[in-house]
Amino acid sequence: MRLKGKTVVVTGAARGLGRATAVACAAEGADLMLLDLCGDLPGVPYPLGTAGQLAHTAALCRKGGSAVATAECDVRDLRSVEAAIALAEDRFGRIDAVVNNAGIAAPSGKPAHEIGEDEWALMIDVDLSGAWRVIRTVGKAMSARRSGSIVNIASTAGLVGYRHFAGYVAAKHGLIGLTRAAALDYAPTKVRVNAVCPGSVRDDTVVEGRMLAEIARALDVPVGEHEQAFTEAQPMNALIEPEDVAAAVVFLVSDDSRQVTGSVMTVDGGFTAR
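Residues numbered from 1 in each chain as written. Predicted model: local features only at pLDDT ≥ 70, side-chain atom pairs only at ≥ 80, totals over all residues. Heavy atoms only, no water.

A separate point is the sheet that holds strand S2 (residues 31-36). The parallel open sheet is built from seven strands, whose spatial order is S3-S2-S1-S4-S5-S6-S7. The strands lining the two open edges of the sheet, one partner per strand, are strand S3 (68-72) and strand S7 (264-267). Neighbour-to-neighbour, the strand axes of this sheet turn through a mean angle of 15°, independent of strand direction. Pairing between strand S5 (residues 148-153) and strand S6 (residues 191-198): six bridges, direction parallel. (Pairing = 2+ DSSP bridges. Helix = DSSP H or I, 4+ residues; strand = E, 2+ residues; numbered from the N terminus. Axes fitted to C-alpha atoms, helices over the stretch in contact; angles between N-to-C directions.)

In structure tokens:
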């Protein structure tokens, strides 16, 4: 029970990596504040998490005895983030860790010079500025207590380039830069900031959902062939499971990593090692 007595906030918790992370933290004894937009987002070609899915995540976390609260939160809106964090502080008294998981990965299917300004702005706003808004909101209180852990869910797209993903790649590279800079900002107060970079994850938005079909359409290949390509691109010849990423997050949230800050942990089956 490495997280017993800790309160962890997880954004984008309705499903996928967010759900797996929340369940893994609950299994280690954490109390949880689960946040999600709970609705579709114009410009994103696949459905996002719903209120019902967020409630299901909460039910899974409560099975082990964790105290759990939920709230809708739009990381594009600072007031929405501040309100959600205030609810967490009111409910649990303090926030010990935050997992910035909320994000989108809408493929443009176009080279960088053909990406629309609105599409570019949305990607940066959600995947980079959204995490910054959460850090901005929790950083002061964590620093005052001289404790806390912030984990940003980045991507291998934050380490290498991907064709037709210029906005996503730029946002995730920026998120790694934010991680390293914030780690130095908060190091004197013992608040740790780290990032996890998953490879291709088997979840309901990448493998089973509409996003895969959109990527395949953009690259003009059958969906089945593109899923196979995802798998074969991994040196270990397997997609990453959400639970594998969640295990890395639990380590970074726990006191086991008390001397780890500014790190970028890859969970990619060796993809970026080549």
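Now that the structure has been shown, we can carry on.
So, about unusual backbone geometry. One non-glycine residue with positive phi stands out, namely His164, at about 70°. Its location among the elements puts His164 in the loop between S5 and helix H5 (166-186). Here Lys190, not a glycine, exhibits a phi torsion of approximately 70°, which is positive. Mapped onto the fold, Lys190 is located in the loop between H5 and S6.

What follows is about the environment of Val23. If you trace the backbone, Val23 turns up in helix H1 (residues 16-27). With a relative accessible area of 30%, Val23 lands in the partly exposed category. (Buried < 20%, exposed > 50% of the residue type's maximum accessible area, 1.4 Å probe, protein only.)

Our next topic: the packing of helix H4 (residues 117-145) against H5. At a minimum axis separation of 8 Å, H4 and H5 run at an interaxial angle of 15°. Relative to H5, H4 is oriented roughly parallel. For the pair H4 and H5, the sense of crossing is right-handed. Each of Trp120, Met123, Ile124, Asp127, Leu128, Ala131, Trp132, Ile135, Gly139 and Ser143 in H4 lies in contact with H5, whose residues at this interface are Ala166, Gly167, Tyr168, Ala170, Ala171, Lys172, Gly174, Leu175, Leu178 and Tyr186. Its residues placed into classes, the contact of H4 with H5 shows 14 nonpolar, four polar and two charged. (Parallel < 35°, antiparallel > 145°, perpendicular 65-115°, else oblique. Left-handed = near helix turned anticlockwise from the far one by under 90°. Contact = heavy atoms within 4.5 Å. Nonpolar A, V, L, I, M, F, W, Y, C, P; charged D, E, K, R; others polar.)

In this section: helix H3 (residues 78-92). Its 15 residues give H3 an end-to-end C-alpha distance of 21 Å, which sits within 8% of 21 Å, the value for a rise of 1.5 Å per residue. Against strand S1 (7-11), S2, S3 and H4 lie the buried residues of H3. With a side-chain oxygen positioned 3.0 Å from the backbone nitrogen of Arg79, the residue opening H3 is Asp77. (Expected span 1.5 Å × (residues − 1). Polar contact = N/O pair within 3.5 Å; in protein donor to acceptor, adjacent residues only side chain to side chain.)

Note on placement: Ile150 falls in strand S5. In the structure, Ile150 is positioned 51 residues away from Val99 in sequence and 6.0 Å away in space, judged by C-alpha atoms. Those residues in contact with Ile150, other than ones at most four positions away along the chain, are Val98, Asn100, Ile135, Val138, Met142, Val191, Arg192, Val193 and Asn194.

Moving on, we come to the pattern of salt bridges. Tallied over the full model, the rule gives eight salt bridges. Here Arg136 and Glu82 are joined by a salt bridge, their closest N and O atoms 3.6 Å apart. Here Glu82 lies in helix H3 and Arg136 lies in helix H4, a separation of 54 residues in the sequence. Between Lys110 and Glu119 there is a salt bridge, with the nearest N and O atoms lying 3.3 Å from each other. For Glu119, a relative accessible area of 26% gives the class partly exposed. One salt-bridge network, in which partners are shared between bridges, spans Arg2, Glu28 and Asp256. (Salt bridge = Lys/Arg side-chain N within 4 Å of Asp/Glu carboxyl O.)

What follows covers H4. The end-to-end C-alpha distance of H4, which contains 29 residues, comes to 41 Å, matching closely the 42 Å that a straight helix rising 1.5 Å per residue would cover. At Ser129, H4 shows its largest bend, some 40°. (Bend = angle between axes of the 7 residues up to and from the residue.)

Our focus in this paragraph is the pairing of S5. Along S5, six of the six residues are buried, which leaves the element largely enclosed by surrounding structure. As for the winding sense of the linkage, the β-α-β connection from S5 through H5 to S6 is right-handed. (Right-handed = clockwise from strand over helix to strand, strands pointing away.)

Formed by 46 residues in total, the largest nonpolar core has its most connected members in Val9, Met33, Ile95 and Ile104. Elements with a contribution of two residues or more to this core: S2, S3, H3, H4, H5 and S6. For this core, the element with the highest residue contribution is H4, accounting for ten residues. The residues contacting Ile95, other than those within four sequence positions of it, are Thr7, Val9, Ile85, Ala88, Glu89, Val138, Met142 and Arg145. Val8, Ala58, Ala97 and Ile153 belong to the second-largest nonpolar core, a separate cluster that totals 31 residues. (Core = buried A, V, L, I, M, F, W, Y, C linked by side-chain atoms within 4.5 Å.)

Shape descriptors only; they carry no functional weight alone.
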